Amino acid sequence: MDFSSFTDRSSSLYPYHLLFNALSLIPFSHYFFAFAVFSFVFLYNFFEFHFFSDLFLRFRGSPIGLTYHPSSPIYNDVVSHCRILHGRYLATPWLSSPHFQTCFLNFFGRPPAFSYRRQIYHASDGGTIALDWLMHSDVSGGRCLMNNAISKDDTTPIVVVIPGLTSDSAAAYVKHIVFNMAKRGWNVVVSNHRGLGGVSITSDCFYNAGWTEDIRVVINYLHHEYPKAPLFAVGTSIGANVLVKYLGEDGERTHVAGAVALCNPWDLMIGDRFICRRLVQKFYDRALAIGLQGYAKLHETRFARLANWEGIKKSRSIRDFDNHATCHVGKFETVDTYYRYCSSSYYVGNVSVPLLCISALDDPVCTREAIPWDECRANKHIVLATPKHGGHLAFFEGLTASGLWWVRAVDEFLLVLHSGPHMHVQKEETSSLHSSEGTSIDQGPYVNIAEDGMVAAMSGQVEEHPSEARSDFVSEKARTSEQHTDIQDVKFSNVTATVRRCLNQVSRQNQRSVWMLTLIAIVTSWPLLGSAFIFYRKKLRKILPATLIRR
């Protein structure tokens, strides 16, 4: 093609020549400015910033959405007195993005500095659970004595914290809530998941998103050791899913007086679809998969024997890891079966403990689409708080991001609940504890948490007689079967409750439709009634006299 055709005014390419000349007259700095503006708008929306919306509201923050039953005593007598939950939440201005908040929490977090007391608990199946304690006396300014134990008659409340996926007591957000509650005057214990917290796996049982047996035995053990101390529970992320599922399974039988579920994934099926939907969510999916691979690497010998080790090493997402590891260890047929079985949303209706649920609407890991709004509204024991912003487990506030909003909200809720008459009290006693309960905290041993190295189970474990071990195994299987029965009952009751609510809503919205349905049912039933009448009339003719039938 001849270049002269561009300059020929009669050519069809001449307008492009003029356009090129016009564009060449624009300074390069203007192009750079336009590119910067376009990039800024793209990144502002991609990372879901809300700085300008906060600026428009004059940095007053957004009100906290509260969902509850109209006649809920937990809201009327507890949450209604919580100033923080009825206030506003304003994120740190330079962290006005759920992704920035979540990443800042994981990479920095600014946790308080303190040391735990380590207690080793031995489960009946041979597993080892690390319980990390922080007493009020440890942070009250006095000298910390390692033999300063809790007495049997101590009435100081105990808060049990359940960490999230691949997290332990060393996580920044866990340290924030632990230190704050200990400063308040309560005793706090972190129930680490099996294989985390520097403790090796000592059985073929691993934790997963729906494994409630560990928190159940820990709660029962704490109640047995300290019967006069009220027990409260705080679950975070996957720990929140485990906590809500446990509360729904046990119902009135639990020893927990009150609980808080923070950033609960609720429905694992919906969460699985959400976390691989967008590019930014896939980043979290990959990061969590790397954390799970690191967890499996710590216990490679057992995973290599019980699961598909080659598949674990090649896993690129949480679903891949669950397919090659969790399904094999937990004996689930498929990943979707595991997600359905372990989702806590199916157990919300059976929760009988005062429960505060906090979920940010912009959570980049646990989507708002999975929140069971109607189920929470139908349960009088549950209050759902949904801040507009906050990210996943972050909720930084203040110009320096020195504190977490949810820590203050949980602190206030538990204090008001503890001072009132609405704490849950167990109505039905559970079965007795196994003879191989964990070492009491007044018997030690106490160690500080190390950043690396595996801590083996300490001495002092009572050896079981083979017959006792067999009886424990039988009772454990019986408990498992009862748990499956409870799960089916809970699911069936949730389904019937949902259908009943839908019918009530239809009847309220359009009573004429209900009458039409009734009329259609009557009309369609006439042929059946006629056939039945003819059938039984023939039968009666054979039995009764003809004169009686005519009458």
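Everything in this summary refers to the structure shown in the same document.

The rules behind these values
Every chain is numbered independently, its residues counted from 1 as its sequence is written. pLDDT decides what is reported in this predicted model: residues at 70 or higher carry local features, side-chain atom pairs at 80 or more are listed and counted, and totals for whole chains, interfaces and linings draw on all residues regardless. To obtain the side-chain values, all non-hydrogen atoms of the structure were included, while hydrogens and water were left out. Numbering of helices and strands starts at the N terminus; helices are DSSP runs of H or I of at least 4 residues and strands are runs of E of at least 2. Relative accessibility decides the category of a residue: with a 1.4 Å probe and only protein chains considered, values under 20% of the type maximum give buried, values over 50% give exposed, and everything between is partly exposed. Note on definitions: a residue-residue contact is assigned when non-hydrogen atoms from the two residues lie within 4.5 Å. Only the protein chains shown count as cover for residues, with accessible areas throughout obtained via the Shrake-Rupley method and a probe of 1.4 Å. Salt bridge criterion: a side-chain nitrogen from Lys or Arg within 4 Å of a carboxyl oxygen from Asp or Glu. Helices are assigned an expected span. That span is 1.5 Å times one less than the residue count. Two axes enter the bend calculation: one fitted to the seven residues ending at the residue in question, the other to the seven starting there, and the bend is the angle between them. Only when DSSP finds a minimum of two bridges between them are two strands counted as paired. The definition of a nonpolar core used throughout is a set of buried Ala, Val, Leu, Ile, Met, Phe, Trp, Tyr and Cys residues joined through side-chain atoms within 4.5 Å. Polar contact is defined as a pair of N or O atoms within 3.5 Å, subject to the rule that within protein one atom must be able to donate a hydrogen and the other to accept it, and that residues adjacent in sequence are counted only when both atoms are side-chain atoms. Any pair of Phe, Tyr and Trp rings, taking the six-membered ring for Trp, is counted once the centres come within 6.5 Å. Such a pair is stacked with planes under 30 degrees apart, edge-to-face with planes over 60 apart, and tilted for the rest. A ring has a charge above it when a Lys NZ or an Arg CZ is no more than 6 Å from the ring centre and no more than 35 degrees off the ring normal. To get an axis, a line is fitted to the C-alpha atoms, and for a helix only the part in contact is used. The angle between two axes follows their N-to-C directions and goes from 0 to 180 degrees. Reported orientations rely on four angle classes, namely roughly parallel under 35 degrees, roughly antiparallel over 145, roughly perpendicular from 65 to 115, and oblique for the rest. Throughout, a crossing is termed right-handed when the near helix is turned clockwise from the far one, and left-handed when it is turned anticlockwise from it by less than a right angle. All amino acids are sorted into three groups, where Ala, Val, Leu, Ile, Met, Phe, Trp, Tyr, Cys and Pro are nonpolar, Asp, Glu, Lys and Arg are charged, and the leftover types, Gly among them, are polar.

Examining the overall build of the protein
Part 1 of the argument: In terms of helices and strands, the protein carries 21 helices and 13 strands.
Part 2 of the argument: Counting only residues that meet the buried cut, the protein has 46% of its 551 residues in that class.
Part 3 of the argument: Of all intrachain contacts in the protein linking residues separated by at least 6 positions in sequence, the fraction that spans at least 24 positions is 78%.
Part 4 of the argument: Counting every atom, the protein has about 28200 Å² of accessible surface; 60% of that belongs to carbon and sulfur.

Digging into the pattern of salt bridges
Part 1 of the argument: Enumeration according to the criterion identifies 22 salt bridges in this entry.
Part 2 of the argument: Salt-bridge contacts for Glu48 lead to Arg278; the nearest nitrogen and oxygen are separated by 3.4 Å. Of this pair, Glu48 sits in the loop between α3 (28-46) and α4 (51-56) while Arg278 is found in the loop between α11 (268-274) and α12 (279-298), placing the two residues 230 residues apart along the sequence.
Part 3 of the argument: Residue Glu48 is classed as partly exposed on the basis of its relative accessible area, which comes to 29%.
Part 4 of the argument: Note that Lys228 is salt-bridged to Asp153, the shortest N-O span being 3.6 Å. You can see Lys228 sitting in the loop between α9 (213-225) and β8 (231-236) and its partner Asp153 sitting in the loop between α7 (136-139) and β6 (158-162), a full 75 residues away along the chain.
Part 5 of the argument: A single network of salt bridges, built from pairs that share partners, joins Glu213, Arg216, Lys245, Glu249 and Asp250.

Re helix α15 (residues 318-330)
Part 1 of the argument: Taking 1.5 Å as the rise per residue, α15 with 13 residues should run 18 Å; its terminal C-alpha atoms sit only 15 Å apart, a clear shortfall.
Part 2 of the argument: In α15, a bend of some 30° at His324 exceeds every other bend along the element.
Part 3 of the argument: Inspection of α15 places Ile318, Phe321, Asp322, Ala325, Thr326, Cys327 and Val329 among the buried residues, and these make up the whole buried set.
Part 4 of the argument: Packed against the buried residues of α15 are α12, α13 (300-306), α14 (309-313) and α16 (335-342).

Some words on unusual backbone geometry
Part 1 of the argument: The backbone phi angle of Glu48 is positive, close to 60°, even though this residue is not glycine.
Part 2 of the argument: Even without being glycine, Ala401 reaches a positive phi, approximately 55°.

Things to note about the pairing of strand β10 (residues 355-358)
Within a regular strand, side chains alternate between the sheet's two faces.
Part 1 of the argument: Because side chains alternate across β10, one face comprises the buried residues Leu355 and Cys357, and the other comprises Leu356 and Ile358, equally buried.
Part 2 of the argument: Across four bridges, the pairing between strand β9 (residues 256-262) and β10 is parallel. From the neighbouring strand, Leu262 faces β10, where its bridge partner is Ile358.
Part 3 of the argument: Bridge analysis of β10 against strand β11 (residues 382-386) gives four bridges, and the strand direction is parallel. Each residue of the ladder has a partner; that of Ile358, found in β11, is Ala385.

Remarks on the nonpolar core
Part 1 of the argument: Trp133, Leu222, Leu247, Phe303 and Leu355 are the most contacted members of the largest nonpolar core, which totals 72 residues.
Part 2 of the argument: With seven residues, the top contributor of residues to this core is helix α10 (residues 238-250).
Part 3 of the argument: Apart from residues lying up to four places away in sequence, Leu247 is in contact with Thr254, Val256, Ala259, Asn350, Val351, Val353 and Leu355.
Part 4 of the argument: Counting 56 residues, the second-largest nonpolar core is a separate cluster that includes Val174, Leu262, Val407 and Phe413.

As for the environment of Asp322
Part 1 of the argument: Take Asp322: it is sitting in helix α15.
Part 2 of the argument: With 17 residues separating them in the primary sequence, Asp322 and Tyr339 have C-alpha atoms 9.5 Å apart.
Part 3 of the argument: For Asp322, the residues in contact, after removing those within four places along its chain, are Cys327, Val335, Tyr338 and Tyr339.
Part 4 of the argument: A polar atom in the side chain of Asp322 sits 2.9 Å from the side chain of Thr326.

Topic: the packing of aromatic side chains
Part 1 of the argument: Evaluation of the coordinates by the stated rule reveals 30 aromatic pairs.
Part 2 of the argument: Judged by centre distance (5.7 Å) and plane angle (65°), the ring pair of Phe47 and Phe100 falls under edge-to-face. Taken together, the residues Phe47 in the loop between α3 and α4 and Phe100 in helix α6 (residues 98-107) connect sequence positions 53 residues apart.
Part 3 of the argument: An aromatic cluster of at least three residues, connected via ring pairs, comprises Phe40, Phe42, Tyr44, Phe46, Phe47, Phe49, Phe51, Phe52, Phe59 and Phe100.
Part 4 of the argument: If you follow Lys175 out to its NZ or CZ, it ends over the ring of Phe114, 5.5 Å from the centre.
Part 5 of the argument: The ring of Phe46 carries the charged tip of Arg278 above its face, separated from the ring centre by 5.9 Å.

Examining the side chain of His50
Part 1 of the argument: By secondary structure assignment, the location of His50 is in the loop between α3 and α4.
Part 2 of the argument: Residues within four places of His50 in sequence aside, it is in contact with Tyr44, Ala91, Ser96, Ser97, Asp362 and His389.

Digging into the sheet that holds strand β4 (residues 117-122)
Part 1 of the argument: Taken together, nine strands build an open sheet; the order of strands is β2-β11-β10-β9-β8-β6-β7-β5-β4 and the sheet is mixed. Looking along the sheet, the strands with just one partner apiece sit at the ends: β2 (65-68) and β4. Adjacent strand axes in the sheet meet at a mean angle of 20° when their direction is disregarded.
Part 2 of the argument: In the packing of α9 onto the sheet, contacts are made with β4, β5 (128-134), β6, β7 (187-191), β8 and β9, and the angle to β5 comes to roughly 50°.

Side note on α3
Part 1 of the argument: Across its 19 residues, α3 extends 27 Å between first and last C-alpha, which sits within 8% of the 27 Å expected from 1.5 Å per residue.
Part 2 of the argument: Positive backbone phi, at 60°, marks Glu48, one or two positions downstream of α3.

Some remarks on the packing of α9 against α10
Part 1 of the argument: Where α9 meets α10, the axes come as close as 9 Å, and the angle between the chain directions of the two elements is 70°. Considering their axes alone, α9 and α10 lie roughly perpendicular with respect to each other. Every pair of crossing elements has a handedness; the one defined by α9 and α10 is right-handed. Between α9, through Ile215, Arg216 and Ile219, and α10, the contact on the second element is made entirely by Val242, Tyr246, Glu249 and Asp250.
Part 2 of the argument: Per-class residue counts for the contact of α9 with α10 are four nonpolar, no polar and three charged.

Considering the environment of Asp336
Part 1 of the argument: By the secondary structure assignment, Asp336 is in helix α16.
Part 2 of the argument: Considered as a pair, Asp336 and Asp322 are 14 residues apart in the sequence and their alpha carbons are 9.7 Å apart.
Part 3 of the argument: The residues contacting Asp336, other than those within four sequence positions of it, are Met269, Arg273 and Arg319.

Here's the deal with the packing of α6 against α12
Part 1 of the argument: At a minimum axis distance of 12 Å, the contact between α6 and α12 shows a crossing angle of 15°. Judged on the interaxial angle alone, α12 and α6 are roughly parallel. Between α6 and α12 lies a crossing of left-handed hand. Along its contact with α6, which presents His99, Thr102 and Cys103, the element α12 presents Val280, Gln281, Phe283 and Tyr284.
Part 2 of the argument: Within the contact of α6 with α12, the residues separate by chemical class into four nonpolar, three polar and no charged.

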